Amino acid sequence: MGNPIRIGIVGCGRIVPAHLRGYAALRERGYDNFRITGLMSRRREDAEMFRKRGHGPPPRPAVSKAPGDPLSAPHMWVSDFQKDVDAQVFDDFESLITSGTVDAIDIPASVFTHHDYAVRALNAGIHCLVQKPFAVSVAAGRLMVEAGRRNDLTLAVNEVVRYDVNARAARWAIERGDLGVPQMVASIGIGTVEWSPDRAVADTPWRHVQVLAGGGPTLDIGVHLFHRIRYLCGEVSEVAAMARTFEKVRYRKNEAGDIIETFTCDAEDAFMATFGLASGGIGQMSFTWAGHGERTGLPEGMVIYGSKGCLKGGILHRDGKEPISAIDLFRAEASAAEQERWIPLGLTDSFASCFYDFLTSIEQKKQPETSGDEGLRDIATAFAVLESSASGRAISVEDVVTGRVREAQRAIDAHYGLK
C-alpha cells in the first residue's frame, strides 16, 4: 500500500470535531493508510486547539445543540486517535502546501476560501477534499474542477448525505427497482429550532452575506437536499423558484440570550422551489432560516414516490408488500459483496465513509463518488433556485453548470474576479 497518505486540515472551525471523529472511526475499523500531518488556520491558536490533548487553548463550545448536527460534535484532538505522528501547525496556507508534509488536504474552511485553496493546492500536486458547499459560485467551482483535471489529481466534495447508511440502502433498493421510476419528490421545511427567526446561523454572520456565502439556505442546505435527490432520483433538469430575505437584520447572542452583535443581511433566508427530474418526475422543496413561531416540515422528511411504491422516513412502502425500512431490507437481502460495496468496512459515520472513498480513490488514482463534478452539479442546481428567483422564469440546470445563466452570481464573481 506504500506510505500513509499525509493529510493537512485547512481551516480549524467548529466543523473540525466531526471531521476528526470521522478519521478516528476509520482507524477503529482497521483502515489507517493516512496520517494527519498538518493543521492550518489563519489564527494559529485555532489550529493548536485540535493538535494534542492537554496542549493549546481550551476548546470552543459547540455552536449547535441539535442532535446529529455535525456542528454539535464534541471536541476532539488529533492525538486522541493518532499516537505516532504529531501534526504540525501552520498559520499560512502557502507554507503548508510547500512544506513537503502533505499529500492531500481536507478543506473545512469557509466556503469563500474553497476555490483559492483548492486551485493552489491542486496546482502544487496535492489532492483535495472540500467541505460542502463546493464553491462560492459556479464559476469558482469550474476553476476547481478544471485544476483537478489539468493536474490529474483526486478532487472531492465532503457531501456526507450520500454516505448515510439509510441513503445507501435506499439507493440499493431503488437500483434494483423497488420503487420503479421516480415520479414525485417533496422536501418541505419552514423555520429552524435554533436559528429562526433572526439569529446568526451557526454563530457566523458571513453566512448571511451573499459575496461570502454565495447564498443563504439555498446553498448551505440546498446542496444537501439536491444531492440526496440527485443520488436517489437522478438529475434535476430545471428549477422554478422564489427566494426572499425576510430578516434583513440578524443577531448573535450569548448563552444568556443577550445580543452581542447586530448585522445586516443580503443573502436570502428562505426559498421555495418546484423542479423537474430528467426522468420526467416532478418535485417541491423549501427551506428557510426565517420563520416566526413553530417550525413546519414533513414528519417523514424527504419523501419519494415512484411507479411501484414510495420511500418515507426511510420506510419503503412497496405496492402489494408490507412496509419495511430500507436498511432492514438491505441487511436481510443484500449479498455480502453488495454490503461491502454500499457500506464499506461497515462504516456508520458518514464523514468516515466519505474520507474512505476519498483516500482509496487517491490510492487507486480515480475520482470518488462525490467528485468535483458532483460538487459542481450540486451548487449549480442550488444556484438555479436563485437564478430562477432573479429572472422570474424556470431555469435549466445545465445552463447554470455551463455559465450561460449566471445573473444572480454576477456580484459574487465580480468580488473574486471570476470570469
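Predicted, not measured: the structure shown is a model, and the values here were computed from it.

J.: Just checking my understanding: could you explain the pairing of strand 1 (residues 5–10) for this structure?
T.: Within a regular strand, side chains alternate between the sheet's two faces. Of all six residues that make up strand 1, five are buried, and the element is covered over most of its length. As paired elements, strand 1 and strand 2 (residues 34–40) share six bridges and run parallel to each other. The partner of Ile-7 across the bridge, within strand 2, is Ile-36. Read from strand 1 through helix 1 (residues 16–28) to strand 2, the crossover connection turns out right-handed. Bridge count for strand 1 against strand 4 (residues 104–107) is three bridges, and the pairing is parallel. Bridge assignment links Ile-7 to a residue of strand 4, and that residue is Ala-104.

J.: Sorry, what's going on with the packing of helix 9 (residues 222–233) against helix 13 (residues 372–391) here?
T.: Between two packed helices, the angle of one axis relative to the other and the distance separating the axes together describe the packing. The interhelical angle for the contact between helix 9 and helix 13, taken along N-to-C directions, is 115 degrees, at an axis separation of 9 Å. Helix-helix and strand crossings are classified by hand; for helix 9 and helix 13 the assignment is right-handed. Seen from helix 9, the contacting residues are Val-223, Phe-226, His-227 and Arg-230; seen from helix 13, they are Glu-374, Arg-377, Asp-378, Ile-379, Thr-381, Ala-382 and Val-385. Looking at the contact of helix 9 with helix 13 residue by residue, the class counts come to five nonpolar, two polar and four charged.

J.: I'm lost on the sheet that holds strand 2 in this one. Help?
T.: Taken together, the six strands give an open sheet; going across it, the order is 3-2-1-4-5-6, and neighbouring strands pair in parallel fashion. Edge positions in the sheet fall to strand 3 (88–90) and strand 6 (155–158), since each has one partner strand and no second. For this sheet the average axis-to-axis angle between neighbouring strands, irrespective of direction, equals 25 degrees. Looking at chain direction, strand 2 and strand 3 are connected through three bridges and run parallel. Across the sheet, the residue bridging to Met-40 is Phe-90, located in strand 3.

J.: Help me out: how do you make sense of the packing of helix 5 (residues 138–151) against helix 13 in this one?
T.: Close contact between helix 5 and helix 13 brings their axes to 9 Å; oriented N to C, the two are set at 170 degrees. It follows that helix 5 is roughly antiparallel to helix 13 by the angle criterion. Contacts from Val-138, Gly-141, Arg-142, Val-145 and Arg-149 of helix 5 reach helix 13 at Gly-372, Asp-373, Leu-376, Ile-379, Ala-380 and Phe-383.

J.: How do you make sense of unusual backbone geometry when you look at a structure like this?
T.: Across residues other than glycine, the phi torsion is negative in most instances, and most of the peptide bonds are trans. Residue Pro-133 is reached from Lys-132 by a cis peptide bond, and omega for that bond is -10 degrees. The linkage connecting Ser-196 with the following residue, Pro-197, adopts the cis geometry, with an omega of 0 degrees. As for its placement among the helices and strands, Pro-197 is situated in the loop between strand 7 (182–190) and helix 7 (210–213). Positive phi values are uncommon outside glycine, yet Asp-152 reaches one of about 55 degrees. Along the chain, Asp-152 falls in the loop between helix 5 and strand 6. Positioned with a positive phi, Ala-202 is a non-glycine residue whose angle comes to about 55 degrees.

J.: Please explain the pattern of salt bridges as it appears in this structure.
T.: Pairs can form between side chains of opposite charge once their charged atoms are near each other. Enumeration over the complete set of coordinates arrives at 33 salt bridges. When the shortest N-O distance is used, the salt bridge between Arg-120 and Glu-94 registers 2.9 Å. Taken together, the residues span a long stretch of sequence, with Arg-120 in helix 4 (residues 114–123) and Glu-94 in helix 3 (residues 93–97) at a distance of 26 residues. Note on Arg-120: relative accessible area 30%, which makes it partly exposed. Accessibility expressed as a relative area gives 35% for Glu-94, which makes it partly exposed. Residue Arg-176 pairs with Asp-178 through a salt bridge whose shortest N-O separation is 2.7 Å. Take Arg-176: its relative accessible area is 39%, and that puts it in the partly exposed class. What you see here is one network of salt bridges that share partners, running through Arg-162, Arg-168, Arg-230, Glu-235, Glu-369, Glu-374 and Asp-378.

Calculation notes
Within each chain, residue numbers correspond to sequence positions counted from 1 in written order. Since the coordinates come from a predicted model, pLDDT governs what is reported: local features require at least 70, and pairs of side-chain atoms require 80 or more to be given and counted, while whole-chain, interface and lining totals use all residues. Just so you know, side-chain values use all the structure's heavy atoms and leave hydrogens and water out. When a residue's accessible area, from a 1.4 Å probe over protein chains only, is under 20% of the maximum for its type it is buried; when over 50% it is exposed; and in between it is partly exposed. Here a helix means four or more residues in a row that DSSP labels H or I, a strand means two or more in a row labelled E, and each is numbered from the N terminus. Here, strands pair whenever DSSP counts at least two bridges between them. We call a crossover right-handed when, viewed with the strands running away from us, the connection from the first strand over the helix to the second turns clockwise. Angles run from 0 to 180 degrees between N-to-C directions of axes, and those axes are lines fitted to C-alpha atoms, restricted for helices to the stretch in contact. Take the far helix as your reference; a near helix turned counterclockwise from it by less than a right angle gives a left-handed crossing, and one turned clockwise gives a right-handed crossing. By the convention used here, residues are in contact when the closest approach between their heavy atoms is within 4.5 Å. Ten residue types, Ala, Val, Leu, Ile, Met, Phe, Trp, Tyr, Cys and Pro, are classed as nonpolar, four, Asp, Glu, Lys and Arg, as charged, and the remainder, Gly among them, as polar. For classification purposes, an angle smaller than 35 degrees is called roughly parallel, one larger than 145 roughly antiparallel, one from 65 to 115 roughly perpendicular, and anything else oblique. What counts as a salt bridge is simple: a side-chain nitrogen of Lys or Arg found within 4 Å of a carboxyl oxygen of Asp or Glu.

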